[in-house]
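Summary of the model geometry
So you can see what is in the structure, the chains are spelled out below.
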Amino acid sequence: MKINGNFMNLKDSYLFALIDKKVSEYRESNPDKELIRLGIGDVTLPLAPAVIEAMQKAVAEMGNAETFKGYGEYQGYAFLRRAVCGYYEEKGVSLDENEVFISDGAKSDVSNILDIFDTDNTVLVPDPVYPVYVDTNVMAGRRINFINGNEDNNFLPLPDNSTEGDIVYICSPNNPTGAVYTKEQLKIWVDWALERDAVILFDSAYEAYIQDKNLPASIYQVPGAKKCAIEFCSLSKTAGFTGTRCGYTVVPHELVRQNSSLNRLWLRRQTTKFNGVPYIVQRGAEAVFSEPGLSQVRESIRYYMNNARIITETLSKLGIWFAGGTNSPYIWLKCPDNMSSWEYFDYLLHNYNIVGTPGAGFGNNGEGFFRLTAFGNTDNISKAMARMSNG
Ligand code: PLP
């Protein structure tokens, strides 16, 4: 028996463990201090009433022999896939129900999709990045190239003729930087991919936070994208489903490589390895896309985006460079006075009792930057910003 030796190549992920350690040490020596956490990558508001109502109804159905459900459809129930298609229709994107696959969230699918690609592919990953893209490819032993996000390109790297990769991850709105590609910029990625038969794995987990209607909330708003992109989305941040678990992945019929439909390969993979998302959860997810559901989840998003505004206004006043925060719940700031990410972490913790996330945890290009999130409570965020403003 041999283990998968690629696991030895994974870097230990100390980021959140080290944050917790530093915070508990500080708490122990300063029990009277009130800490405010602005590093949370999880939603805090409860599920929408429309979702709760739909799930309660579904629970009742499961308790009745006539309406009880066993295994569901492999791709997800048609009622939910139709609701997702309707949601895309609003963005001007027309999808066939069979192009939509219901998942238990974007994290599983951005990782599992790799099953349909040979390990002998080069993966292109932006730096800084959501660490899952890197680690899942390290586990599979794939070659990884990085493309640099930095202050000069506003953390929106673009390819040129020398950029190499067979599979590329694009996350927009981005975690951790909050940066969002324009349609014109995404078109550059689409053309680059089409030219070399590459495949774009487009993570749109934060699309619902886009306020500027000119920005693309789906890569399929860009011509040609159905021939080169798979899109992953999730109700985690759209509708507070981080603990409820439901997402969707779009694999267009037009996406064909080596005469194989990637939609068929993915369906084959899913029917073999996945037995679907609970019926109750899929009914809750369907309710997100109903009229009352959408209006309720948009209300929660407005709450978070108001928090983001409070943060960005403070940073602007303090003359601190930042990206994000206007079309995303993440704010990515440049640590003042050339502090490193961890120096700034300690500085905020000790001087203002604020906890954030050091950018260095998201890749080499994250050094010198810092992530704040808008997922907290407005009163606490205002208090934290007042502390920073009053120096
Ligand atoms: N993609 C990105 C960029 C994320 O930041 C996250 C969660 O933080 C996910 C995917 C995972 O989402 P899910 O909860 O749907 O698995």
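Time to look at the domain arrangement of the protein chain. Accessible area lost upon the coming together of the parts serves often as the stated size of an interface. The assigned domain composition of the protein chain is domain 1 (5–46 + 293–390) and domain 2 (69–290). Placing the centre of domain 1 and that of domain 2 at their C-alpha centroids yields a distance of 26 Å. Summed over both sides, the interface of domain 1 with domain 2 buries roughly 3,000 Å², with 60% coming from carbon and sulfur. Among the residues of domain 1 in contact with domain 2, Asn327, Phe362 and Asn365 are the three that bury the most area, contributing 21% of the side total. The interface formed by domain 1 and domain 2 contains 2 salt bridges. Residue Glu151 pairs with Lys334 through a salt bridge whose shortest N-O separation is 3.0 Å. The interface formed by domain 1 and domain 2 holds 16 residue pairs in polar contact (both at pLDDT 80 or more) in total. When contributions to the side of domain 1 that touches domain 2 are tallied by element, the ones reaching two or more residues are helix H10 (291–318), strand S11 (322–324), strand S12 (330–334) and strand S15 (369–373). For the side of domain 1 that touches domain 2, the element with the most residues is H10, which contributes 7 residues. Of the residues assigned to the side of domain 1 that touches domain 2, the class counts are 16 nonpolar, 13 polar and 4 charged.

Applying the stated rule across the entire model yields 18 salt bridges. With a shortest N-O distance of 3.8 Å, Glu61 and Lys69 are connected by a salt bridge. Among the charged side chains, a network of salt bridges with common partners joins Glu34, Lys383 and Arg387.

What follows covers the site of the ligand. Taken together, 14 residues lie around the ligand, and Ala106, Asp203, Tyr206, Ser234 and Ser236 are the ones closest in. Here Asp203 contributes a side-chain N or O atom positioned 2.6 Å from a nitrogen atom of the ligand. About the coverage of the ligand: the protein hides 90% of its 400 Å² of free accessible area. Looking at the shell around the ligand, the elements with two or more residues in it are helix H4 (106–112) and helix H7 (235–239). Class assignment for the residues of the shell around the ligand results in 6 nonpolar, 4 polar and 4 charged.

Turning our attention to the side chain of Ser341. For Ser341, the location among the structural elements is in helix H11 (residues 341–352). A polar atom in the side chain of Ser341 sits 3.2 Å from the backbone nitrogen of Ala360. Once residues lying within four places of it in the same chain are set aside, the contact partners of Ser341 are Cys335, Pro358, Gly359, Ala360, Gly366, Glu367, Gly368, Phe369 and Phe370.

Bringing helix H2 (residues 49–62) into the picture now. With 14 residues, H2 extends 20 Å from end C-alpha to end C-alpha; this agrees with the ideal 20 Å at 1.5 Å per step. Buried residues of H2: Ala50, Val51, Ala54, Met55, Ala58 and Glu61, and no others. In a view along the axis of H2, the buried residues occupy a sector of 125°, so they form one face of it. The outward face of H2, more than 90 degrees from its buried face, is lined by the exposed residues Pro49, Glu53, Gln56 and Ala60. Its buried side turned inward, H2 meets helix H9 (279–288) and H10.

Relative to strand S4 (residues 143–148), strand S3 (residues 122–127) is paired through 6 bridges, and the arrangement is parallel. Bridging from a neighbouring strand, Asp127 pairs with Asn148 of S4. Considered for its hand, the β-α-β crossover made up of S3, helix H5 (residues 131–140) and S4 is right-handed.

This part takes up the sheet that holds S11. With antiparallel pairing, the 4 strands of this open sheet are ordered in space as S11-S12-S15-S14. Both outer strands of the open sheet, S11 and strand S14 (357–358), are each paired with one neighbouring strand and no more. Across 3 bridges, S11 lies against S12 in antiparallel orientation. Considered in S12, the bridge of Phe322 is made with Leu333. Running at roughly 15° to S12, H10 makes contact with S11, S12 and S15 of the sheet.

Before going further, it helps to examine the sheet that holds strand S8 (residues 247–250). Here 7 strands make up an open sheet; going across it, the order is S2-S8-S7-S6-S5-S3-S4 and the pairing mixed. In this open sheet, the two strands that pair with only one neighbour each are strand S2 (100–103) and S4. Across the sheet, the mean angle from the axis of one strand to that of its neighbour is 20°, orientation sign disregarded. Two strands pair when backbone bridges link them, and S3 and strand S5 (residues 167–171) are joined in this way by 2 bridges, in the parallel orientation. Each residue of the ladder has a partner; that of Leu124, found in S5, is Val168. Across the sheet, helix H8 (residues 262–273) touches S2, strand S6 (199–203), strand S7 (229–234) and S8, and the angle it forms with S2 is around 30°.

Once that is clear, we can look at the layout of surface pockets. Size it by volume and the largest pocket reaches roughly 1,300 Å³. Along the wall of the largest pocket there are 44 residues; nearest its centre are Val129, Tyr130, Pro131, Val132 and Gly361. Secondary structure elements with two or more residues in the lining of the largest pocket: helix H1 (15–29), H4, H5 and H7. The biggest single contributor to the lining of the largest pocket is H5, with 6 residues. Taken together, the residues of the lining of the largest pocket sort by class into 22 nonpolar, 11 polar and 11 charged.

Conventions used here
Residues numbered from 1 in each chain as written. Predicted model: local features only at pLDDT ≥ 70, side-chain atom pairs only at ≥ 80, totals over all residues. Heavy atoms only, no water. Domains from an automatic or database assignment. Buried area = accessible area lost by both parts, 1.4 Å probe. Salt bridge = Lys/Arg side-chain N within 4 Å of Asp/Glu carboxyl O. Polar contact = N/O pair within 3.5 Å; in protein donor to acceptor, adjacent residues only side chain to side chain. Helix = DSSP H or I, 4+ residues; strand = E, 2+ residues; numbered from the N terminus. Nonpolar A, V, L, I, M, F, W, Y, C, P; charged D, E, K, R; others polar. Near = heavy atom within 4 Å. Areas by Shrake-Rupley, 256 points an atom, 1.4 Å probe, with all protein chains shown as cover. Contact = heavy atoms within 4.5 Å. Expected span 1.5 Å × (residues − 1). Buried < 20%, exposed > 50% of the residue type's maximum accessible area, 1.4 Å probe, protein only. Arc of directions from axis to C-beta. Pairing = 2+ DSSP bridges. Right-handed = clockwise from strand over helix to strand, strands pointing away. Axes fitted to C-alpha atoms, helices over the stretch in contact; angles between N-to-C directions. 1 Å grid on protein atoms, 1.4 Å probe; cavity = no way out; pocket = protein on both sides within 12 Å on 5 of 7 lines; lining within 4 Å. Points joined across faces, edges and corners; volume = space filled by probe spheres on them.

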